[in-house]
Amino acid sequence: MSDKVLRTMQHEGKEVPVLDLKTIDFGKLLSNEPAEIQKLLRSCEEEGFFYVDLRGIDGRRTIDDEQRLLELMRCFFGSSLEEKNEIGLPEQKHGYEPIGLHAGLTENSRDGYECLKVALSELASSSPNLPSILNNEDDIKILRDFSAGGDIITKTILSCLSNAMGLTGTDRLETLHRSSRPSNSTLAMFRYIPGDLATQARQNTVGHQQHTDIGSLTLLFSEQYGLQLQPAHTPNAAFGFVEPRPGHAIINVGDSLRFASKHRLYSCIHHVVPFHATADRYSIAYFLRPEVDALYKDSEGRWVTAGQWHDEKYDVFRASHAEQASVAPKTMLLGGMPEHVSRVAVA
Ligand SMILES: O=C(O)CCC(=O)C(=O)O
Ligand SMILES: [Fe+2]
């Protein structure tokens, strides 16, 4: 097992590991420091998850943008359902997802979060389609600033990975992520409902189901516990917590980058467990995804486009657990990763 354990902590009556992931310095990536890009490649091969330290002069801006975005989220999620759902979900990558839209953490449950997605393509347009409560100059600027930062950070990582793997010309990973081409890249803002596992299970809306991410790289911020991942290359390993660290984002490799790297990089299984009895949990994810026409071989050996993989995997996310078990191909939810995991049980 490559993920070391930092310590354990009590959760739901059990001792749960807190994982010791590697930390990559964003400033060192920007200057392509050889030791840092080798460390980045090792994290993406061995764990598929790492911290990126944004406290230097080049990353600090994104931490400030995150704080502004959190304020916007508190205001948005505190509004009425009618206001939040004003534009609905016109595209899978853009709009409002109410609680329970996707399958949940525990057997036969639905998810325990609501989510606002704002597609990068929408923010690039002069008049984005947004609910009225956000459709003002200040809020649009906050959304644009954060997303632009997320796009720059994740594309810097892609470029460093291409360098570390010795990729040149059209083999470079950035060539599948041109800003001029349509993609499903999007900003996703989550509010998880409070309550322990038993309380949420009674309501049948629990956490975030186990999955691998669809796209290339996810840049994730949360100041609160809840995210757990299954240590890589270790079938049946117990999930461990990822500790929130101020000034750091969490980055993980998604299925698309794993497939585009000819399965060299690791797309790690993760989920979100209820953690706070009374407080909402907020998290922010910028999902960098390839151009919709990018073509790669999935874990079944099928040639699929990134657009098709995205659409098919969302159908699986939405399906009930019983339907997921019967939907072909079976490897979609967990990206074909070799682990065998059973769902979290409610005592
Ligand atoms: O909310 C989180 O911490 C993780 C969310 C996540 O894994 C996802 O949306 O893919
Ligand atoms: Fe995820």
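Residues numbered from 1 in each chain as written. Chains lettered and ligands numbered in written order. Predicted model: local features only at pLDDT ≥ 70, side-chain atom pairs only at ≥ 80, totals over all residues. Heavy atoms only, no water.

1. Considering helix α6 (residues 137-164)
Spanning 28 residues, α6 covers 40 Å between terminal C-alpha atoms, matching the ideal 40 Å at 1.5 Å per step. Within α6, 20 of the 28 residues are buried, leaving the element largely enclosed by the surrounding structure. N-capping of α6 is provided by N136, with a side-chain oxygen placed 3.2 Å from the backbone N of D138. Backbone geometry just after α6 places G166 at a positive phi near 70 degrees. (Helix = DSSP H or I, 4+ residues; strand = E, 2+ residues; numbered from the N terminus. Expected span 1.5 Å × (residues − 1). Buried < 20%, exposed > 50% of the residue type's maximum accessible area, 1.4 Å probe, protein only. Polar contact = N/O pair within 3.5 Å; in protein donor to acceptor, adjacent residues only side chain to side chain.)

2. A word on unusual backbone geometry
One non-glycine residue, N32, lies in the positive phi region at around 55 degrees. Position of N32 among the secondary structure elements: in the loop between α1 (26-30) and α2 (34-46). N32 sits in the partly exposed class, given a relative accessible area of 32%. The phi dihedral of N204 is positive, around 65 degrees, even though this residue is not glycine. Mapped onto the elements of the fold, N204 is located in the loop between α7 (197-203) and β8 (208-211).

3. Observations concerning the sheet that holds strand β4 (residues 49-53)
Adjacent strands of a sheet pair through backbone hydrogen bonds, lying either parallel or antiparallel. Pairing is mixed in the open sheet, where 8 strands are placed in the order β3-β4-β12-β9-β14-β7-β6-β5. Sheet topology places β3 (23-25) and β5 (95-97) at the edges, where each strand pairs with a single neighbour. For this sheet the average axis-to-axis angle between neighbouring strands, irrespective of direction, equals 25 degrees. In this structure, strand β9 (residues 217-221) lies alongside strand β12 (residues 248-253), joined through 4 bridges in antiparallel fashion. For L217, the partnering residue across the bridge sits in β12 and is V253. (Pairing = 2+ DSSP bridges. Axes fitted to C-alpha atoms, helices over the stretch in contact; angles between N-to-C directions.)

4. Re the coordination of the iron ion (ligand 2)
Around the iron ion (ligand 2), the protein contributes the donor atoms H211 (NE2), D213 (OD) and H270 (NE2), at 2.1 to 2.2 Å from the metal centre. In terms of primary sequence, the donors binding the iron ion (ligand 2) are separated according to H-x1-D-x56-H. Each member of the pair, H211 as well as D213, carries the same accessibility label: buried. (Donors = N, O, S within 2.8 Å, 3.2 Å for Na, K, Ca; no water.)

5. Quick notes on the UniProt feature "domain: Fe2OG dioxygenase" (unreviewed entry) in the chain
Per the UniProt annotation, the sites labelled "domain: Fe2OG dioxygenase" (unreviewed entry) are residues 182-290. For residues 182-290, the end-to-end C-alpha separation is 9 Å, with 12% helix and 35% strand making up the annotated structure. (UniProt positions renumbered as here; feature names shortened; annotations may be inferred.)

6. Things to note about the packing of α2 against α6
Axis separation between α2 and α6 bottoms out at 9 Å; the angle between their running directions is 95 degrees. Relative to α6, the element α2 is oriented roughly perpendicular. Together, I37, Q38, L40, L41 and C44 of α2 and I157, C160, L161, N163 and A164 of α6 make up the contact between the two elements. Split into classes, the residues belonging to the contact of α2 with α6 amount to 8 nonpolar, 2 polar and no charged. (Parallel < 35°, antiparallel > 145°, perpendicular 65-115°, else oblique. Contact = heavy atoms within 4.5 Å. Nonpolar A, V, L, I, M, F, W, Y, C, P; charged D, E, K, R; others polar.)

7. Re helix α9 (residues 306-318)
Given 3.6 residues to a turn, an α-helix orients residues that are three or four positions apart in the same direction. Here α9 spans 19 Å end to end across 13 residues, near enough to the 18 Å set by a 1.5 Å rise per residue. Those residues of α9 that fall on the buried side of the exposure criterion are A306, G307, W309, H310, K313, Y314, V316 and F317.

8. Topic: the side chain of H248
Along the chain, H248 turns up in strand β12. If we skip the residues at most four places from it in the chain, H248 touches T23, Y51, V52, D53, R55 and F221.

9. Details of the nonpolar core
Formed by 49 residues in total, the largest nonpolar core has its most connected members in L40, L69, L143, I157, L161 and M189. When residues no more than four places from it in sequence are discounted, the contact partners of M189 are L69, L72, M73, F77, E114, C115, L116, V118, L143 and S283. The next biggest cluster of nonpolar side chains, apart from the first, holds 36 residues, and it includes Y51, Y266, C268 and V304. (Core = buried A, V, L, I, M, F, W, Y, C linked by side-chain atoms within 4.5 Å.)

10. Topic: the environment of P244
Along the polypeptide, P244 turns up in the loop between β11 (240-241) and β12. The exposure class assigned to P244 is buried, which follows from its relative accessible area of 18%. For P244, the contacting residues outside a window of four places in its chain are S222, E223, Q224 and Y225.

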